[in-house]
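# Residue-level structure breakdown
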Amino acid sequence: MANRRAGNLVAKHPPKRCDVCGRVFVPHSGRALYCPMCRIKGRRWIKEQRKGMAANERA
Ligand SMILES: [Zn+2]
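Rules used throughout
- Residues numbered from 1 in each chain as written.
- Predicted model: local features only at pLDDT ≥ 70, side-chain atom pairs only at ≥ 80, totals over all residues.
- Helix = DSSP H or I, 4+ residues; strand = E, 2+ residues; numbered from the N terminus.
- Buried ≥ 20, exposed ≤ 12 C-beta atoms within 10 Å, placed from the backbone.
- Contact = placed C-beta atoms within 7 Å.
- Core = buried A, V, L, I, M, F, W, Y, C linked by C-beta atoms within 7 Å.
- pLDDT = per-residue confidence, 0-100.

Of regular secondary structure, the protein chain possesses two helices and two strands. Reading the helices (α) and strands (β) of the protein chain from amino to carboxyl end gives β-β-α-α. The buried share among the 59 residues of the protein chain stands at 8%. Of the contacts made within the protein chain by residues no fewer than 6 positions apart, 9% connect residues no fewer than 24 positions apart.

Below is the structure:
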């Protein structure tokens, strides 16, 4: 309780970084991996993005 993060007083969960775009978002559930904007595009799109990211890291 003492270490509660400031910034979003309504959030139940601490901010997370989207696994795809790296954006910080506040998940509605503790399991969320992706920001709403990426989730709305679908799992398939996410998969492709992650694939592309991995390729970029190696290049
Ligand atoms: Zn995202």
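More follows now that the structure is in view.
Another point: the nonpolar core. C18, V20, Y34, C35 and C38 form the largest nonpolar core, which has five residues in total. Setting aside anything within four residues of it in sequence, one finds C35 in contact with C18, C21, R23 and F25.

On the secondary structure map, G30 appears in the loop between β2 (24-25) and α1 (36-39). Look at G30 and you get exposed, because 9 C-beta atoms sit within 10 Å. Taking C-alpha positions, G30 is 8.5 Å from K12, a pair spaced 18 residues apart along the chain.

A word on the confidence of the model for the protein chain. For the protein chain, the average pLDDT comes to 81, and 73% of its residues sit at 70 or higher. When mean pLDDT is taken per element in the protein chain, β2 scores highest with 94 and helix α2 (residues 43-58) scores lowest with 82.

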